[in-house]
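As a plain string of letters, each chain reads:
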Amino acid sequence: MDAQNPDDARRHERLLVVRAQGGDADAFSELILKRTPGVLAFLRRMLGDAEDARDVAQLTFVRVWENLHRYDSAWAFSTWLFRIAGNLAIDALRSRRTRSRTEAENFRLLQGGGAKTQPEGPLDLERQEVRRIFDACALVLSEKQRLVFVLREFEEKESREIAEILDCRESTVRNHLFQARRLLRAEITRLYPEFVPGTRRAHPETEDRKS
Amino acid sequence: MSDRNGFDPQAGCPELGATRRALEARETDTLGPLQERRLKAHLKECSDCAAEGLADDPTLLFFSLAASSDPEPLEGARTRSVENEGRAIATDVMAALEIERARRRVQPARRPAMLRAASVALLASALLALLVATGQIPFLAPSHAARDLQARSGSPAASPAAPPGPVGGSVGRSLELSVDDASLAGSRGQAAVRRPLIEGLENPGARVYQFASDSPKEPNVVFVVDRNADL
């Protein structure tokens, strides 16, 4: 999306949507090309897995095509798109929960018990490391809490827009966000105390290694 | 000790107060998008404020995953990579939609066959009902059955109607009765066998057929056939 001319970009997108609603496959294809990066990034943050994110992204666009006739132009297209993607991501997370953890996943979590190298600043961590920490801690969240947290903190959407995506009230969004932060704080403190200043460390040998 | 400007190097970052206020506003969801971006940018650079913030809210650890923190990759590489990925997904999506369209084109062909079968069944039922109503189907025509039984039992035809009461008698015995007011009046004298009351039928030519039960516990069966009946 062209950040310099957002109005032009929106107008162009609206045109593409109208053409796609008329059955224009080329217009729909162009729509996918424009929206894929944002949708993929969102789904990667939601699901924590690139392959799953790709699968759900494909499914998202299939659903969009099948339901284009229901799309009301009074809504922003991105709101509608994120609603579909968010619901499918929740379904994927629920499906994942019912599957038992693999040994590889458990081993990965065990390896994440402490940072291998001491970062210079508290926030100076590799993004992949942070993503791994988030994936581990976010297991305590419900699907809705996770979705709200990702949309708020990672996609940086305002509560009003999140409420439109979830088709709920803003107070509900704030409640989900409050609960998500509370649960994540407790989980980070429990699993990764070394990243929380002032927390009594769970593993004393970590401090010995530093000195 | 503070200098003339009030800045105390021992107190840490001069923005600490503003950072705390921003963090409180974030907690109550009253921090605007621009202020939030400034807060994130500052926390990335200032370890004092970051430590303060993390101690209060460890979820600040995930700030680096925000979309606005996405690293700026090499232009050409990013463009190619993003385009390729988008193109691959678009190709897969359009292929999936084409498969779905082809599947839906095949399915409707089954419907005419089902409709034909349903129509044939409906016609057959209607024809059967018509044949039964007009007496074309032998097994349901009472006149034939009654005549057969009558022939076997030897009972007289056109006997007058009997007073009320169950019919006692042998199995299969039937009486063919032609009912009208006169025969009803005349029958009152015959009291030898109790027969069920048959309501007077106004139409001449109405025929009443009675199949007697072989025990008092079983019902008698009475057919009334009136071709001129207007129901």
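Residues numbered from 1 in each chain as written. Chains lettered and ligands numbered in written order. Predicted model: local features only at pLDDT ≥ 70, side-chain atom pairs only at ≥ 80, totals over all residues. Heavy atoms only, no water.

Turning our attention to the overall build of chain B. Along its length, chain B carries 7 helices and 4 strands. Going from the N terminus to the C terminus, chain B shows its helices and strands as α-α-α-α-α-α-β-β-α-β-β. Across the 231 residues in chain B, those meeting the buried criterion constitute 30%. Looking at chain B alone, contacts between residues at least 24 apart form 52% of all its contacts between residues at least 6 apart. Looking at chain B as shown, the accessible area adds up to about 15,500 Å², and 57% of this sits on carbon and sulfur atoms. (Helix = DSSP H or I, 4+ residues; strand = E, 2+ residues; numbered from the N terminus. Buried < 20%, exposed > 50% of the residue type's maximum accessible area, 1.4 Å probe, protein only. Contact = heavy atoms within 4.5 Å. Areas by Shrake-Rupley, 256 points an atom, 1.4 Å probe, with all protein chains shown as cover.)

What follows deals with the confidence of the model for chain A. Predicted coordinates in regions of low pLDDT should not be interpreted in detail. Residue and element names in this part refer to chain A. Of all residues in chain A, 78% attain a pLDDT of 70 or more, and the chain-wide mean is 82. Within chain A, the lowest mean pLDDT, 44, falls on helix H10 (residues 204–210), and the highest, 95, falls on helix H9 (residues 170–191). Taken as a whole, residues 201–211 scores under 50 in pLDDT and shows 6 contacts with residues more than four places along the chain or in a different chain. (pLDDT = per-residue confidence, 0-100.)

This part takes up helix H1 (residues 6–21) of chain A. Residue and element names in this part refer to chain A. Over its 16 residues, H1 runs 22 Å from end to end, which matches the ideal 22 Å to within 8%, given 1.5 Å per residue. Burial in H1 covers these residues: Ala9, Glu13, Leu16, Val17 and Ala20. For H1, the angular spread of buried residues about the axis comes to 100 degrees, placing them on one side. In H1, the exposed positions that point more than 90 degrees away from the buried face belong to Arg11, Leu15 and Val18. Count one or two residues on from H1 and you reach Gly23, which has phi positive near 100 degrees. (Expected span 1.5 Å × (residues − 1). Arc of directions from axis to C-beta.)

Okay, the pattern of salt bridges next. Counting across every chain of the model gives 26 salt bridges over all chains. Among the ionic pairs, B:Asp57 bridges to A:Arg185, the shortest N-O distance being 2.8 Å. Note that B:Asp57 is positioned in the loop between helix H3 (47–56) and helix H4 (75–106) and A:Arg185 in helix H9, a pairing that runs across two chains. Residue classification places B:Asp57 among the buried positions, given a relative accessible area of 3%. Shared partners join several salt bridges into a network, and the residues in it are A:Arg152, A:Glu156, A:Glu170, A:Arg174, B:Asp29, B:Glu36 and B:Lys40. (Salt bridge = Lys/Arg side-chain N within 4 Å of Asp/Glu carboxyl O.)

Once that is clear, we can look at the interface of chain A and chain B. Counting from both sides, the interface comprises 42 residues of chain A and, opposite them, 45 residues of chain B. Roughly 3,900 Å² is buried in total at the junction of chain A and chain B, and carbon and sulfur atoms are behind 64% of that figure. Between chain A and chain B we count 9 salt bridges in total. With its nearest N and O atoms 2.7 Å apart, the salt bridge here joins B:Glu27 to A:Arg185. Connecting chain A to chain B are 12 residue pairs in polar contact (both at pLDDT 80 or more). Among the secondary structure elements, those contributing two or more residues to the side of chain A that touches chain B are helix H2 (25–47), helix H3 (50–66), helix H6 (127–137), helix H7 (143–154) and H9 of chain A. If one sorts the elements of the side of chain A that touches chain B by residue count, H2(A) sits on top with 10 residues. Looking at the side of chain A that touches chain B residue by residue, the classes come out as 24 nonpolar, 5 polar and 13 charged. (Buried area = accessible area lost by both parts, 1.4 Å probe. Polar contact = N/O pair within 3.5 Å; in protein donor to acceptor, adjacent residues only side chain to side chain. Nonpolar A, V, L, I, M, F, W, Y, C, P; charged D, E, K, R; others polar.)

The next point concerns a nonpolar patch on the surface. On the surface, B:Leu127, B:Leu130 and B:Leu131 cluster together to form a nonpolar patch covering roughly 270 Å² of accessible area. Within the secondary structure, B:Leu127 is located in helix H5 (residues 110–133). (Patch = residues over 30% accessible without salt bridge, like charges linked within 9 Å, V, L, I, M, F, W, Y side chains within 5 Å.)

Quick look at the packing of aromatic side chains now. According to the stated counting rule, one finds 11 aromatic pairs over all chains in the structure shown. Ring centres 5.0 Å apart and planes at 75 degrees place the aromatic pair A:Phe134 and A:Phe154 in the edge-to-face group. Residue A:Phe134 is found in helix H6, and its partner A:Phe154 is found in helix H7; the two are separated by 20 residues along the sequence. The residues A:Phe134 and A:Phe154 share a single accessibility class, namely buried. Site record: aromatic cluster; members linked through ring pairs are A:Phe134, A:Phe149, A:Phe154 and B:Phe62. The aromatic ring of A:Phe82 is capped on one face by A:Lys157, whose charged end is 4.3 Å from the ring centroid. Sitting above the plane of the B:Phe63 ring, B:Lys40 keeps its charged end 5.0 Å from the centroid. (Phe/Tyr/Trp six-rings, centres within 6.5 Å; stacked < 30°, edge-to-face > 60°. Lys NZ or Arg CZ within 6 Å of the ring centre and 35° of its normal.)

A few words on the environment of A:Arg70. With respect to the helices and strands, A:Arg70 occurs in the loop between H3 and helix H4 (77–98). As for A:Arg70 and A:Gln21, which are separated by 49 residues in sequence, their C-alpha atoms are 9.3 Å apart.

Quick look at the environment of B:Phe223 now. Tracing the chain through its elements places B:Phe223 in strand S4 (residues 221–225). With 12 residues separating them in the primary sequence, B:Phe223 and B:Phe211 have C-alpha atoms 8.3 Å apart.

With that settled, the discussion passes to H3(A). Residue and element names in this part refer to chain A. The first and last C-alpha atoms of H3 sit 24 Å apart over 17 residues, in line with the 24 Å expected at 1.5 Å per residue. Those residues of H3 lying buried are Ala53, Val56, Ala57, Gln58, Thr60, Phe61, Val62, Val64 and Trp65. Measuring from the side-chain oxygen of the N-cap residue of H3 to the backbone nitrogen of Glu51 gives 3.0 Å; that N-cap residue is Asp49.

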